[in-house]
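These are the residues of each chain, in order.
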Amino acid sequence: MSEMAGYPDSYYAATAVGVRDCPPLEGERKADVCVIGGGFTGVSAALNLAERGLDVVLLEAERIGFGASGRCGGLIGSGQRKEVVDTEKMFGLERSRELWDLAELAKQEIRDRVDKHDISCDLQRGQLVGIHKKRYLGWAKEIADVLATRYDYPFCTALNAEETRARVASNDFLEGLYDSKALTIHPLNYALGLARAAVERGVRMYERSRVLKYSRADPAIVETAQGSIKASFVVLACNAYLGDLEPRMAGKMMPINNFMIATEPLGEVRAKELINGRFGVHDTRFVVDYFRLSDDNRLLFGGGENYRSRFPRDISKFVRPYMLRLFPQLSDVAIDYAWGGTLSVTVNRLPHLGRLQPNVFFGQGYSGHGISIATFAGKVIAEAVTGTAGKFDVLADLPIHTFPGGTLLRYPGMVLAMLYYTIRDRI
Ligand SMILES: Cc1cc2nc3c(=O)[nH]c(=O)nc-3n(C[C@H](O)[C@H](O)[C@H](O)COP(=O)(O)OP(=O)(O)OC[C@H]3O[C@@H](n4cnc5c(N)ncnc54)[C@H](O)[C@@H]3O)c2cc1C
């Protein structure tokens, strides 16, 4: 941990711009809305609420972007986490199309915010999905065709092995799917930029202000160790870091730890030989490998996860074999940073938004697809708080199941399920 900054010692923290210290909450205050959590969901909700004229306080237990938002892979895929062929099977074409269109708005929201607030966060275009398994051959073409014909999205191209290899120097991929309109981003700088915009719109932000409890009343009293906020509305944006703050939604998501490394700078030539562009890449494994180049030509690589309360002691040692499986040519390369973060998944990998009571809203469970969907969740929650619930309702109506075993016993079941899928992946 870099104590001065209060962030984990990641590549993102080392290259953060615009970190500002917000004071801890002290004393009793009032607000129209109290947002709890300073990741993409919370900061986006706060910004959108302030733009709609509300008086907003945001309370963050640690630092802005301290959670998954400031540690994640930075890949902004198109659509929802669940593929369109699956959402079509679940809901039919019309609703599946509606979910796709919302996800496109979510991507657009990021582009708009970055432009509007001039956020310096290395926004780049493109994403390649590398197909690692014979059984998935043909999937890329199928998806590209479905998206072009049924979703008006002609921006995906199926690549054969050679074309894929020309973009990513790994022998692991049998085919590829390239999406020219997906994005990548420096996630911590994006979170910090959104937070700056929110403060400029009048949001009062407090860091190192963990909410210990809040009353289920109207107005609600939200309490930290040294202060409290009396607020007409509460927005819960704690995601996988929720702990036992709100048992009414905890059992619908499972916190999962996921890990990343950043290599030393590879130099322009070697970096380009490895990945021929600044696009993001992920494979089709159940525990997904994902990676991209940083603007100083490092490989940022995510791979491996665990389902315990603790991270592995040596994260670099834990993730490196995943990187070398795809890129054995990097065996001589030093790892400069290694870190982990906690995300939350739902049983069916659809996002979980809702309203626990008339004045309490929440968004969580983005299942590894939260840069765009969490940003968007913040926006639609703000719309719902101010009386326009159309888009919020589409997401809040999605069926989200409780994990078998609830909060107490969900882990053993999850570990078994993960083991099963990981083994299946290898067959
Ligand atoms: C390693 C990793 C890689 C990922 N890669 C990608 C990717 O490439 N693409 C993608 O789209 N998604 C990715 N994700 C998922 C994505 O990061 C999340 O979905 C997204 O950041 C969720 O944002 P959030 O604001 O809801 O939650 P978070 O960013 O986790 O924020 C929650 C915040 O709430 C605060 N908090 C918790 N409890 C309290 C309390 N009691 N009082 C006050 N504050 C509190 C926490 O300190 C935290 O800052 C990844 C996640 C991880 C961990």
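These numbers come from a predicted model, not from an experiment.

Reading the values: the criteria
Residues numbered from 1 in each chain as written. Predicted model: local features only at pLDDT ≥ 70, side-chain atom pairs only at ≥ 80, totals over all residues. Helix = DSSP H or I, 4+ residues; strand = E, 2+ residues; numbered from the N terminus. Buried ≥ 20, exposed ≤ 12 C-beta atoms within 10 Å, placed from the backbone. Contact = placed C-beta atoms within 7 Å. Near = placed C-beta within 6 Å. Nonpolar A, V, L, I, M, F, W, Y, C, P; charged D, E, K, R; others polar. Domains from an automatic or database assignment. Axes fitted to C-alpha atoms, helices over the stretch in contact; angles between N-to-C directions. Parallel < 35°, antiparallel > 145°, perpendicular 65-115°, else oblique. Left-handed = near helix turned anticlockwise from the far one by under 90°. Pairing = 2+ DSSP bridges. Expected span 1.5 Å × (residues − 1). Arc of directions from axis to C-beta. Core = buried A, V, L, I, M, F, W, Y, C linked by C-beta atoms within 7 Å.

1. Quick word on the overall build of the chain
Scanning the chain for helices and strands turns up 13 helices and 17 strands. Along the three orthogonal principal directions, the C-alpha set of the chain runs to about 60 × 50 × 45 Å. Burial analysis of the chain (427 residues in total) assigns 51% to the buried set. Counting contacts in the chain only where the partners sit at least 6 residues apart, residues at least 24 apart contribute 72% of the total.

2. Quick word on the site of the ligand
Taken together, 43 residues lie near the ligand, and Gly-39, Gly-67, Gly-73, Gly-341 and Gly-370 sit nearest. Broken down by secondary-structure element, the contributors of at least two residues to the shell around the ligand are α2 (40–51), β3 (75–76), β11 (254–263), β15 (335–345) and α11 (370–385). In terms of residue class, the shell around the ligand is made up of 22 nonpolar, 17 polar and 4 charged. Looking at the shell around the ligand, you find at least three residues from each of domain 1 (11–71 + 188–250 + 348–416) and domain 2 (130–182 + 255–345).

3. Details of the packing of α2 against helix α7 (residues 187–200)
For the pair α2 and α7, the least separation of the axes is 9 Å and the interaxial angle reads 25 degrees. In terms of orientation, α2 and α7 fall into the roughly parallel class. Crossing handedness for the pair α2 and α7: left-handed. Across the interface between the two elements, Phe-40, Val-43, Ser-44, Ala-46, Leu-47 and Ala-50 from α2 touch Ala-191, Leu-194, Ala-195, Ala-197 and Ala-198 from α7. Residue classes in the contact of α2 with α7 are distributed as 10 nonpolar, 1 polar and no charged.

4. Side note on the environment of Leu-147
In this structure, Leu-147 sits in helix α5 (residues 139–150). Along the chain, Leu-147 and Arg-97 lie 50 residues apart, while their C-alpha atoms are 9.8 Å from each other. Apart from the residues lying within four places of it in its own chain, the contact partners of Leu-147 are Val-84, Tyr-153 and Cys-156.

5. Structural notes on the domain arrangement of the chain
By a frequent convention, interface size equals the accessible area lost on bringing the separate parts together. When cut into domains, the chain gives domain 1 (11–71 + 188–250 + 348–416) and domain 2 (130–182 + 255–345). Contacts between domain 1 and domain 2 engage 17 residues on the former and 13 residues on the latter. Looking at the side of domain 1 that touches domain 2, the elements with two or more residues in it are α1 (11–14) and α13 (406–426). Ranked by residues supplied to the side of domain 1 that touches domain 2, first place goes to α13 with 3 residues. For the side of domain 1 that touches domain 2, the class distribution of residues is 8 nonpolar, 7 polar and 2 charged.

6. Examining the packing of helix α4 (residues 93–116) against α11
One way to put it is that α4 packs onto α11 with a least axis distance of 8 Å and a crossing angle of 90 degrees. Here α11 runs roughly perpendicular to α4, going by the angle between their axes. In contact with Leu-102, Ala-103, Leu-105, Ala-106, Lys-107, Glu-109 and Ile-110 of α4, α11 contributes Ser-372, Ile-373, Thr-375, Phe-376 and Lys-379. Grouping the amino acids of the contact of α4 with α11 by side-chain chemistry returns 7 nonpolar, 2 polar and 3 charged.

7. A closer look at the pairing of strand β14 (residues 299–306)
Most of β14 sits inside the fold, with 6 of its 8 residues counted as buried. Summarising the sheet, β11 and β14 pair through 5 bridges and their orientation is antiparallel. Considered in β14, the bridge of Met-260 is made with Gly-302. Where strand β13 (residues 290–293) and β14 come together, 4 bridges link them in antiparallel fashion.

8. Quick look at α5
Along its 12 residues, α5 runs 16 Å from first to last C-alpha, staying within 8% of the 16 Å computed at 1.5 Å per residue. Residues of α5 that are buried include every one of Ala-140, Ile-143, Ala-144 and Leu-147, and no others. Along the axis of α5, the buried residues cluster in a sector spanning 100 degrees; they form a single face. Residues of α5 that are buried in the fold lie against α3 (84–91), β4 (124–131), β5 (156–159) and β6 (175–184). The first or second residue beyond α5 is Asp-152, which carries a positive phi of 50 degrees.

9. Some points on the nonpolar core
Cys-34, Ile-36, Ala-46 and Val-235 are the most contacted members of the largest nonpolar core, which totals 131 residues. Per-element accounting of this core gives the leading share, 10 residues, to α11. Formed jointly, this core draws a minimum of three residues from each of two domains, domain 1 (11–71 + 188–250 + 348–416) and domain 2 (130–182 + 255–345). Excluding residues within four positions of it along the chain, Val-235 makes contact with Val-33, Val-35, Ile-36, Gly-42, Ala-45, Phe-361 and Ile-381.

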